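Coordinate analysis (summary)
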Amino acid sequence: MLVSSPELYVARAKINLHLHITGRRDDGYHYLDSLVAFTDLHDTISVSPAASYQLHITGTGQSFLSGCDIEDNLVTKAARLFAKQFHVAPNVLITLDKHIPSGGGLGGGSADAAATLIALRDFWNIPATNRDLHHIASQIGSDIVACLHPEPVIMCGTGNDILSAPRFPILYAVLAGPRSPCPTPLVYKAYAHSGVPFSEPAAFPDFFDSAFSFCTFLKTCTRNDLTQASIAVNPDVAGVIAELETLSDALLVRLSGSGSTCFALFETEDKARLHATQINKNRPDVWAVAVKIG
Ligand code: C5P
C-alpha cells in the first residue's frame, strides 16, 4: 500500500530590518513601526491523523524546546484555538521540524503557529478566510499575523496590523547572536524605563532599485529603538554588534526585534557565507548563520 507523506508547511524566521517605537498603549503595550522580512532559515510543520492531540518535535533545534510543556508551545496554542473556533476535535499529530533558534527574536514560534493555522485549515478542509486566520493569530501573539504571509510587510499597531512593504532586491545576511536569550518582556520594560522619546514611523519610498540604496536608506532614516534596552538586558548583544561592525563590506549592521539576534546585510551570498563561517570558527561564544532575505 502506498502511504503518502503529509504535506510540509514552511515556517520562516523573520528579521526586523528597522523597528521604531511610536507610542505606548494604556495597558503598557507598545505601538511599533517595523519592516519585517523573512529568511530561508525555516522550520516545517506537518499534520497527520491521530487519536488525540500530539506534538512531535524533531530537527537540529529540538533541544531548544526540550523540557518545555507542549501546552506552552505556540503550535499547540494555535491548534487548540483553531479547533475551538471551527468546532473540530483537535485529534491530530503535528510534527514540528525545528531549526530556528528559540529565544533569539527570530520569530520561530510565531512562524510555527502561523504555519500550523494554514496546515490545519488545509488538513480539515475548513473554508477559513484570511480574516479568520488573522483574528485567531492576533489572539496568540504579536508577530503571528505577519507570519501568515511570509513576504516583507510593515508591522504596525502593537504588531498585529500589516501594511505593504517597499519592494527591495534580494539580500543576504549573517544572523548572529550570543548563546543567551533576551526575554522580550524585559527588553520592553527596560525601554519603557529609559525615557527614550517615541519615534515617527519610517517614510519609505515604494521601491529601491539596489541593495545599496535600500541599506543606505535603512541606515540613515531608520533604527532599532530597542537596541539600548536589549543591551541593558543582555550585555553580550553589544559584543555581537561590535563583531559584525568589523565586517567592512556589510551594508548594514543592526539588532533584530528585541534581540538577542543581530544581523549584517550583504549584496552577495558568498560574502554572507564566508563571514558566518569565520565567526563560527573564531567566536565560540557567538552563533552565526548565512541566510537569504526576500
Ligand atoms: O506578544 P509577545 O508575547 O511577543 O509580547 C511579549 C511582551 O513584550 C509583552 O508581554 C509586552 O510586555 C511586550 N510587548 C510590548 N509591545 C508590543 C509587543 C510586546 O510592550 N507591541
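Each chain has its residues counted from 1, running along the sequence as written. Thresholds applied to this predicted model are a pLDDT of at least 70 for local features of residues and 80 or more for the giving and counting of side-chain atom pairs; totals over whole chains, interfaces and linings are not thresholded and use all residues. To obtain the side-chain values, all non-hydrogen atoms of the structure were included, while hydrogens and water were left out.

1. Structural notes on the layout of surface pockets
It is the rolling of a water-molecule-sized probe over the atoms that shows where space remains empty. We apply this condition: A 1.4 Å probe that fits but cannot get out identifies a cavity on a 1 Å grid over protein atoms alone, an open set with protein on both sides within 12 Å along at least five of seven lines counts as a pocket, and a residue lines either if it has an atom within 4 Å of a point. Grid points are joined across faces, edges and corners, and a volume is the space filled by probe spheres set on the points. The helix count covers DSSP runs of H or I at least four residues long, the strand count covers runs of E at least two residues long, and both are numbered beginning at the N terminus. In this count, Pro and Cys sit with the nonpolar residues alongside Ala, Val, Leu, Ile, Met, Phe, Trp and Tyr, while Asp, Glu, Lys and Arg are called charged and the others, Gly among them, polar.
Looking at the largest pocket, its volume works out to about 1,200 Å³. If you go around the largest pocket, you meet 47 residues; those closest to its centre are L74, S110, D143, T184 and P185. Of all the secondary-structure elements, those providing two or more residues to the lining of the largest pocket are β1 (9-16), β3 (30-49), α2 (108-123) and α5 (184-194). Class assignment of the residues belonging to the lining of the largest pocket gives a composition of 21 nonpolar, 19 polar and seven charged. Approximately 270 Å³ is the volume attributed to the second largest pocket. For the second largest pocket, the lining is made up of 15 residues, of which F64, P101, S102, P178 and W287 are closest to its centre. Considering only residue class, the lining of the second largest pocket consists of seven nonpolar, seven polar and one charged.

2. Concerning the packing of aromatic side chains
Threshold: A pair of Phe, Tyr and Trp rings is counted when the ring centres sit within 6.5 Å of each other, with Trp represented by its six-membered ring. The angle between the planes then sorts it: under 30 degrees is stacked, over 60 is edge-to-face, the rest tilted. Three labels apply to residues, based on accessible area from a 1.4 Å probe with only protein chains included: buried if under 20% of the type maximum, exposed if over 50%, partly exposed otherwise in between.
Across all of its chains, the model carries eight aromatic pairs by this definition. Taking 6.4 Å as the distance between ring centres and 65° as the angle between the ring planes, the aromatic pair formed by F123 and W124 counts as edge-to-face. Since its relative accessible area comes to 18%, W124 is described here as buried.

3. A closer look at the pattern of salt bridges
As a reminder, the rule being used: Think of a salt bridge as a Lys or Arg side-chain nitrogen and an Asp or Glu carboxyl oxygen that are within 4 Å of each other.
For the structure shown, the criterion picks out ten salt bridges. A salt bridge links E71 to R80; the nearest nitrogen and oxygen atoms lie 2.8 Å apart.

4. Thoughts on the packing of helix α1 (residues 74-85) against helix α3 (residues 130-140)
To be explicit about the condition: Only the stretch in contact is used when a helix axis is fitted, and all axes are lines through C-alpha atoms; the angle between N-to-C directions ranges over 0 to 180 degrees. Each angle is binned into one of four classes, with values under 35 degrees roughly parallel, values over 145 roughly antiparallel, values of 65 to 115 roughly perpendicular, and all other values oblique. Note on convention: near helix rotated counterclockwise from far helix by under a right angle means a left-handed crossing. Clockwise means right-handed. Contacts are residue-level and defined by heavy atoms, with any inter-residue pair within 4.5 Å sufficient.
It is at 10 Å that the axes of α1 and α3 come closest, and there the two elements cross at 135°. Between α1 and α3, the angle falls in the class oblique. For the element pair α1 and α3, the recorded crossing hand is right-handed. Taking contact as the criterion, the partners of L74, K77, A78, L81, F82 and Q85 in α1 are, on α3, L133, H135, I136, Q139 and I140. When the residues that make up the contact of α1 with α3 are grouped by side-chain class, the tally is seven nonpolar, three polar and one charged.

5. Some words on the side chain of E243
Locating E243 in the fold gives a position in helix α8 (residues 236-245). Relative accessible area serves as the criterion here: at 19%, E243 is assigned to the buried category. Apart from the residues lying within four places of it in its own chain, the contact partners of E243 are I279 and R283.

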